[in-house]
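Notes for the structure review
Residue-level listing of the chains:
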Amino acid sequence: MTNNATPMMNKATPMMSGLPLLTRIRRGAALPLAAMIVALTVLWYAGAVLMNMTLVRDAFEREEVEYTTMELVAGTLDAERPLLPAPHQIVATFIDGVFNYAPNSPRSLVYHSWVTLSAALLGLAMGVATGILLAVLIIHVRVLEKSLLPWIIASQMIPVLAIAPITIVVLGSIGIRGLVPKALISAYLCVFPVVIGMVKGLTSPDRQHRDLMHNWSATPAQVFFKLRWPAAIPYLFASLKVAMAISIVGAVVGELPTGAQAGIGARLLAGSYYGQTIQIWAALLAISIVAAGFVGLVGLIEKSVARRMGAPA
Amino acid sequence: MTRRSLISIALVALALIATAFLMRLSPMAEGLSRQTDPALLCLTAMALLLTAPWRPRFAAVPTFAASALLTGAALLLLRDADISGAAGAGFWALVGAALVCAGATMTALSDLALTDPRARKLRDIAIPAVFGLMLVMLAELVIRGAGVPSVLLPAPSSVAWRFVHALPMLFEDLVQTFVKGVVIGFVIGNAAGFGAALLVQDRPFFRRGLLPMAGFISSLPIVGIAPIMVMWFGFDWPSKAAVVAIITFFPMFTNAVAGLSGASRIDMDLMHSYAASPSQRLAKLHIPAALPFVFNALKINSTLAFIGAIVAEFFGTPVVGMGFRISIEAARMSMDVVWAEILLAALVGTASYGCLVLLERKLTFWHASQRV
């Protein structure tokens, strides 16, 4: 995780805007990416046919009906509880779950995604606030850098999600239920990338700049708000992207041990109990779209903030 | 640390200890007058604190000793049934004094001007060690002093007791989850990731197509694949290894691709002028150049792998394994077992991370980040 917390410099793609369209397409990533996606889909269909073959054949033979190869293949792509559902089945279930139910119905994927997302966002807010606070303390108090920072790093060695069931049981027994325990797990996961990124960012201004601030007899608060904080912004956004992704993982896993009634994690658990593979994949698709959307959103905000702070567009 | 700040810290600590003696109304004062040992320990600590400002350079020694003595006194007091679980202000004053002393120890250590690099290294281990010890002791005193129910949070001592007495069970869980699930999956996933990177490294079309895809997948909650793997590979360890392998594949792939294509123009020209064959170029230039990136991925993966295996156990498991034990014992409210498992996981996780760091130092000693 440590490397993700450093800002990725935008790999200087050579100025392509001046080139003719065809050249731009040939040099860009879109064409290979599209090819890979097509290849993956074909592979997926082939996998679905192969993996579900025995299942469907057994079903045909049990009912003692004659079948052709075409019917067999069609059956593998249309099974009710396939080992590997075909992409169109997943998409159909996903669309059904998103559009065919009211957003507050427990059969709606929008509802479950929102339950998970709200816990993840609350956790993200708590984790980022704690992380920034710890980073500010660490760069200002030297003892903390030496004593606290090693423990924050070591805390990542604990498989944090192992704590998830206890957190939820413990908080449940003192009467805190629902959103907050899940959010706490997300928050715990978010703190680390934020602390590491922000310590790096807040200490990134070099000697010269700090000396200049000193020459202008800036107060510590001025040094912080006019030098350190702006310098840390790119690092903050890099950490935020990692934290956003990881907070959703935390919220999903936080829903498992309680056997929670709502949320994507609960959906996964129910699907695995009843062998509803299509439902599991549809839930995964939903949470993937949410995760990718929010990580992308953080990226967009980063770009607009960078532009406002005077970065070259 | 200046003499003046040492004097003020010592005065605060002394005042707190004095409070402990003087709190007539709290059960604590009863304890101090009934038991002579804690009282003696407190007096010794006071005497030690008075010597601290005398040699500010060595202040860490008396403050640490005082902190240890005060903690010992508080622990002795907890034997008293009147204090344990219903500690009064005097007891907390004593705990506060111990904390102040420990804080002074850490500050004194970090303010030491050391020139010898070995002494510095020792200091950089000593400070977090004191901090960790302080946290554990604080937890012990607060939990037992305030009588926190063990369902909420067991005292560190009872976790340690459970850890020692449940070693055979813990070992079985460790073999099931770590040796079978994590290690096997980790090896498969990383090897596959590195192999895939080797395959695409001189095929730009594949690289441009797969890299953004892998980057995208890395930001998704891949652990969600766990129930499907349990369905495909059964309840036993192969499904856990499969989850771990899938989770570790993507970070290794993206990092290895970056590393393998990271060799500089000059180095490649040098290889060219040596007339190196493609396999020589790979073995002598590209793979060594990729190692720092590979180790980066290995370190990221070492934390992800454990998570994957434990989460997969939530979806189905034989009656052994760390994730299984944690969820079953948490449901039975025996938190000392749960925390013993977490302690084990932390120890094993830290140990394997440490091994990776040592290996990295051995293999990439030439890299800028490894040179002092």
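Residues numbered from 1 in each chain as written. Chains lettered and ligands numbered in written order. Predicted model: local features only at pLDDT ≥ 70, side-chain atom pairs only at ≥ 80, totals over all residues. Heavy atoms only, no water.

1. Some details on the overall build of chain B
For clarity, the threshold we go by: Helix and strand assignments follow DSSP, with helices taken as H or I runs no shorter than four residues and strands as E runs no shorter than two, numbered in order from the N terminus. We compute the radius of gyration from the C-alpha atoms alone; for a globule the expected value is 2.2 Å times N to the 0.38, where N is the number of residues. Should any heavy atoms of two residues lie within 4.5 Å, those residues are considered in contact. For accessible areas, the Shrake-Rupley method is used with a probe of radius 1.4 Å. Any residue's cover is judged against the shown protein chains and nothing else. Residues counted as positive are Lys and Arg, residues counted as negative are Asp and Glu, and His and the chain ends are not counted. For charged residues, the charge sits on one atom: NZ in Lys, CZ in Arg, CG in Asp, CD in Glu.
What chain B contains, in helices and strands, is 15 helices and zero strands. Against the 2.2 N^0.38 benchmark of 21 Å for 372 residues, chain B shows a C-alpha radius of gyration of 28 Å, more extended than a compact globule. Expressed as lengths along the three principal axes of its C-alpha atoms, the size of chain B is roughly 85 × 55 × 30 Å. When contacts within chain B are restricted to residue pairs at least 6 apart in sequence, those whose partners lie at least 24 apart make up 76%. Here chain B displays about 17500 Å² of accessible surface, and carbon together with sulfur accounts for 71% of that area. The centroid of the 27 positive side-chain charges in chain B is displaced by 11 Å from the centroid of its 19 negative side-chain charges.

2. Notes on the overall build of chain A
Put simply, the test is: Relative accessible area decides the class of each residue, using a 1.4 Å probe on protein chains only: under 20% of the type maximum gives buried, over 50% gives exposed, and in between gives partly exposed.
Of the regular secondary structure elements, chain A holds 12 helices and zero strands. Taken from the N to the C terminus, the helices and strands of chain A come in the order α-α-α-α-α-α-α-α-α-α-α-α. Across the 313 residues in chain A, those meeting the buried criterion constitute 47%. Residue pairs in contact within chain A that sit at least 24 positions apart in sequence constitute 72% of those at least 6 positions apart.

3. Observations concerning the domain arrangement of chain A
Residues and elements named next belong to chain A. This is how it is decided: Note: domain ranges come from an automatic or database domain assignment. Summed over both partners, the accessible surface that disappears when two parts come together, traced with a 1.4 Å probe, is what is meant by buried area. Counted as salt bridges are all cases of a side-chain nitrogen of Lys or Arg within 4 Å of a carboxyl oxygen of Asp or Glu. Distance and chemistry together define a polar contact, namely a pair of N or O atoms within 3.5 Å, with one atom able to donate a hydrogen and the other to accept it when in protein, and with adjacent residues in sequence counting only for side-chain atoms on both sides. Any residue outside Ala, Val, Leu, Ile, Met, Phe, Trp, Tyr, Cys, Pro, Asp, Glu, Lys and Arg is labelled polar, Gly included; the first ten of those are nonpolar and the last four are charged.
Taken domain by domain, chain A consists of domain 1 (21-84) and domain 2 (109-308). Distance between the C-alpha centres of domain 1 and domain 2: 37 Å. Across the domain 1 to domain 2 interface the summed buried area is about 450 Å²; carbon plus sulfur atoms make up 51%. When the buried surface of domain 1 facing domain 2 is broken down by residue, W44, R81 and P82 rank first, second and third, together holding 67% of it. The interface formed by domain 1 and domain 2 holds zero salt bridges in total. Applying the counting rule to domain 1 against domain 2 returns one residue pair in polar contact (both at pLDDT 80 or more). Grouping the constituent residues of the side of domain 1 that touches domain 2 by class yields five nonpolar, no polar and two charged.

4. Here we look at the layout of surface pockets
Any space left empty among the atoms is revealed by the rolling of a water-sized probe across them. Just so we agree on the cut-off: With a 1 Å grid laid over protein atoms only, a set of points is called a cavity when a 1.4 Å probe fits there but cannot get out and a pocket when it is open yet has protein on both sides within 12 Å along at least five of seven lines; lining residues have an atom within 4 Å of a point. Grid points are joined across faces, edges and corners, and a volume is the space filled by probe spheres set on the points.
In this structure, the second largest pocket encloses a volume near 1700 Å³. Counting only elements with at least two residues in the lining of the second largest pocket, the list comes to α2 (30-62), α4 (87-99) and α12 (277-308) of chain A together with α9 (204-218), α10 (226-233) and α11 (237-260) of chain B. Top contributing element to the lining of the second largest pocket by residue count: α2 of chain A, with eight residues.

5. Regarding the interface of chain A and chain B
Taken together, the 55 residues of chain A in the interface contact 53 residues of chain B. The tally of links from chain A across to chain B stands at zero salt bridges. Those elements that provide at least two residues to the side of chain A that touches chain B are α1 (21-27), α2, α6 (142-155), α7 (163-173), α10 (220-254), α11 (264-274) and α12 of chain A. If you tally residues by element for the side of chain A that touches chain B, the top one is α12 of chain A, at eight residues. When grouped by side-chain class, the residues that make up the side of chain A that touches chain B number 40 nonpolar, 11 polar and four charged.

6. Looking at the packing of helix α8 (residues 167-200) of chain B against helix α13 (residues 278-314) of chain B
All names here are of chain B. Operational definition: Angles run from 0 to 180 degrees between N-to-C directions of axes, and those axes are lines fitted to C-alpha atoms, restricted for helices to the stretch in contact. Left-handed describes a crossing in which the near helix is turned anticlockwise from the far one by less than a right angle; the clockwise case is right-handed.
Look at α8 against α13: their axes get within 9 Å of each other, and the N-to-C directions meet at 145°. α8 and α13 meet at a crossing whose hand is right-handed. Between α8 and α13, the residues in contact are T177, F178, V182, F186, N190, F194 and L198 and L282, I287, V294, L298, N301, S302, A305, F306, A309, I310 and E313, respectively. Residues that form the contact of α8 with α13 fall into these classes: 13 nonpolar, four polar and one charged.

7. Some remarks on the domain arrangement of chain B
What the domain assignment reports for chain B is domain 1 (3-148) and domain 2 (164-370). Taken over C-alpha atoms, the centre of domain 1 of chain B sits 43 Å from the centre of domain 2 of chain B.

8. Some details on helix α8 (residues 179-202) of chain A
Residues and elements named next belong to chain A. Quick reminder of the rule: In this scheme, a helix's expected span is set at 1.5 Å multiplied by one less than its residue total. Consider a residue and the seven residues that end there alongside the seven that start there; fitting an axis to each set, the bend is the angle between those axes.
A rise of 1.5 Å per residue sets the reference length of α8, with its 24 residues, at 34 Å; its end C-alpha atoms lie 32 Å apart and thus fit the reference within 8%. Of all the bends found along α8, the most pronounced is centred on C190 and spans about 25°, while P193, a proline, follows it within four residues. Burial of α8 is extensive: 19 of the 24 residues sit out of reach of the surface.

9. Considering the side chain of T63 of chain B
All names here are of chain B. Here T63 is to be found in helix α4 (residues 60-77). You can call T63 buried: its relative accessible area is 2%. Every residue in contact with T63, bar those within four places of it in the chain, is listed here: L49, A52, C101, A104 and T105.

10. Some words on the nonpolar core
Under the convention used in this document: The nonpolar core is taken to be a set of buried Ala, Val, Leu, Ile, Met, Phe, Trp, Tyr and Cys residues, with the residues joined through side-chain atoms within 4.5 Å.
Core analysis: the biggest nonpolar cluster contains 120 residues, and V195, M198, I248 and L268 of chain A together with F306 and F315 of chain B have the highest contact counts within it. One finds L14, A74, F91 and L141 of chain B within the second-largest nonpolar core, a separate group that totals 23 residues.

11. A closer look at α9 of chain B
The terminal C-alpha atoms of α9 of chain B, which comprises 15 residues, lie 21 Å apart, in line with the 21 Å expected from a rise of 1.5 Å per residue. Restricting attention to buried positions, one finds in α9 of chain B the residues G209, M213 and A214 of chain B. Tucked inside the fold, the buried residues of α9 of chain B contact α2 of chain A together with α11 of chain B.

12. Focus on unusual backbone geometry
Although it is not a glycine, S217 of chain A sits at a positive phi angle of roughly 45°. The topology assignment puts S217 of chain A in the loop between α9 (207-215) and α10. Even without being a glycine, A275 of chain B presents a positive backbone phi close to 55°. Considering the arrangement of structural elements, one finds A275 of chain B in the loop between α12 (265-273) and α13.

13. Some thoughts on the pattern of salt bridges
Residue and element names in this part refer to chain A. Counted according to the given criterion, the structure contains 10 salt bridges over all chains. For D211, the salt bridge is made with R207, and the minimal N-O distance between the two is 3.7 Å. Placement of both D211 and R207 in helix α9 is noted, with a separation of four residues, approximately one turn of the helix. For D211, a relative accessible area of 34% corresponds to the partly exposed category.

14. Some remarks on the confidence of the model for chain A
Short version of the rule: pLDDT expresses how confident the predictor is about each individual residue, on a scale running from 0 to 100.
On average, residues of chain A score 80 in pLDDT, and 89% of them are at 70 or above. Every residue in residues 1-14 of chain A scores below 50 in pLDDT, and together they form 24 contacts with partners more than four places removed in sequence or on other chains.

15. Considerations on the packing of aromatic side chains
Heads up, the rule is: Note on ring pairs: Phe, Tyr and Trp rings are taken, using the six-membered ring of Trp, and paired if centres are within 6.5 Å. Classes follow the plane angle, with under 30 degrees stacked, over 60 edge-to-face and the rest tilted.
Summed over all chains, the structure comprises eight aromatic pairs over all chains. Note on F224 of chain A and F225 of chain A: the rings are 5.1 Å apart at their centroids and 90° apart in plane angle, and the pair reads as edge-to-face. Ring geometry for F205 of chain B versus F206 of chain B: centroids 6.3 Å apart, planes at 85°, classification edge-to-face. Taking the relative accessible area as the measure of exposure, F205 of chain B reaches 37% and is therefore partly exposed. Connected via pairs of aromatic rings, a cluster forms that spans F224, F225 and W229 of chain A.

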